[in-house]
Amino acid sequence: MLLRVRRLSCLKSSSLTISLRWIWATRCSIPPVAPPPDAPIEMPTPDVFTIAQIQELHRNLKEVAPSGYVSLDLLVEMFEPPAFLPEIWMNVTSQQLEEMFSRHLCETKYINWQIVLLSCVLPIPLPNQRQLLDTVTQYRKIDNAKTGLVDMAGYAQGDLWFSGDYGISPDGTALFDRLGHLKTTLFTLICDDNYTVDYVDFLLLFCSDPEPGNGALKALSVVTGQPVDWPQYIESPDPNKDFGYGSVPSIAGAEADFQTKNIPISLEQLLRVVSFNRMQTASLTLVQEEMTAVFKELEGEEGTADVGSILVHPQGRSIILHSPSYLLVDYRTLLMEAAVQDVKFGERVSQPLV
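In what follows, the accompanying structure is described. (Residues numbered from 1 in each chain as written. Predicted model: local features only at pLDDT ≥ 70, side-chain atom pairs only at ≥ 80, totals over all residues. Heavy atoms only, no water.)

Applying the stated criterion across every chain yields a total of three cavities of 30 Å³ or more. If you trace the largest cavity, you find 17 residues lining it, with His104, Cys106, Tyr110, Asn277 and Arg278 closest to the centre. Per element, the largest residue contribution to the lining of the largest cavity is three residues, and it comes from strand β2 (residues 110–112). Of the residues in the lining of the largest cavity, the class split is nine nonpolar, six polar and two charged. Volume-wise, the second largest cavity comes out at about 70 Å³. (1 Å grid on protein atoms, 1.4 Å probe; cavity = no way out; pocket = protein on both sides within 12 Å on 5 of 7 lines; lining within 4 Å. Points joined across faces, edges and corners; volume = space filled by probe spheres on them. Helix = DSSP H or I, 4+ residues; strand = E, 2+ residues; numbered from the N terminus. Nonpolar A, V, L, I, M, F, W, Y, C, P; charged D, E, K, R; others polar.)

Turning to a negative patch on the surface, a few remarks are in order. There is a patch of like negative charges on the surface, built from Asp73, Glu77, Glu98 and Glu99. Of all elements in the fold, only α3 (72–78) and α4 (94–101) reach the threshold of two or more residues within the negative patch. The topology assignment puts Glu98 in helix α4. (Patch = residues over 30% accessible without salt bridge, like charges linked within 9 Å, V, L, I, M, F, W, Y side chains within 5 Å. Areas by Shrake-Rupley, 256 points an atom, 1.4 Å probe, with all protein chains shown as cover. Salt bridge = Lys/Arg side-chain N within 4 Å of Asp/Glu carboxyl O. Lys, Arg positive; Asp, Glu negative; His and termini not counted. Charge placed at Lys NZ, Arg CZ, Asp CG, Glu CD.)

Within the structure shown, the criterion is met by 15 aromatic pairs. Aromatic pair Phe101 and Tyr331: ring centres 5.4 Å apart, planes at 85 degrees, arrangement edge-to-face. One end of the pair, Phe101, is in helix α4; the other, Tyr331, is in helix α15 (residues 331–341), with 230 residues separating them in the sequence. Here a set of aromatic residues connected by ring pairs shows up, and it is made of Tyr139, Tyr155, Trp161, Phe162, Phe187, Tyr199, Phe202 and Phe206. Over the ring of Tyr155 we find Lys183, and its NZ or CZ is 6.0 Å from the ring centre. (Phe/Tyr/Trp six-rings, centres within 6.5 Å; stacked < 30°, edge-to-face > 60°. Lys NZ or Arg CZ within 6 Å of the ring centre and 35° of its normal.)

Shown next, in the form of structure tokens:
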């Protein structure tokens, strides 16, 4: 009996050894799997903010100015070396910073720092009016509850006017997709404490234009949901001109018989356009009162006014044309121009500016 047990033990041991050898041989025959490549990282350049730099700047602005408005003096101080900024900013004087940021000022020494962040995000594709309309239409469909807000999931569902660029370098490695990362980053820059975004305000921010009057026109389009164009306009109509039967001279300086597309706008929408990106000051209150008077003068039976009529009204047109809310300041272009004009400034930058 003892001999039989020993034989069984030897057989089990031999079988175990053969099994282990087979497993080892099988494993050794499987080719090794290469580890996944590291995620591409954004390489800093001397004149463009990286995503990390924009996020750091946003954290700092939110900490020192939680109201959303930062003083000019504090903003200048935040951008002075050794701030977490691209290299080209390291050579800018306090006077240059003040002159550049002063372009944002309107009535007070305080600036909405969201417009500062937008200028820092550049270069980024800026939307035209058609793209803004397409985007606001998408979000209004996503916003089933009609709250005017979308959360991160709703925001991600919408297609912005730019898309990611999954490029490959000559050596076969993936390039950093800056635009793809920017879509997510933009949400974090503008969301509230509940992690929701007012998508109309978001798009009003991107109405910003080097010509603020054009920006205000895009803003009117966003709030009404319809394309808006400048109507035909006569600056100084001849009071002696015979307008013919069925046509009368317009006190607004426009041709009364010019047929414009009727685009209704409410008083709330109109005031939202002229008040955007501005602190509530005595000056803004006066502008709101003047625009309200224009609206009441042109108001129809349904409680709305026609956008075209507002644009040809002397006071309404003046307010829209001179709106400071939508001026886009391109810091990068201004600094590059300064580098070209100031040889010593350009020499202090280690990499060429392109």
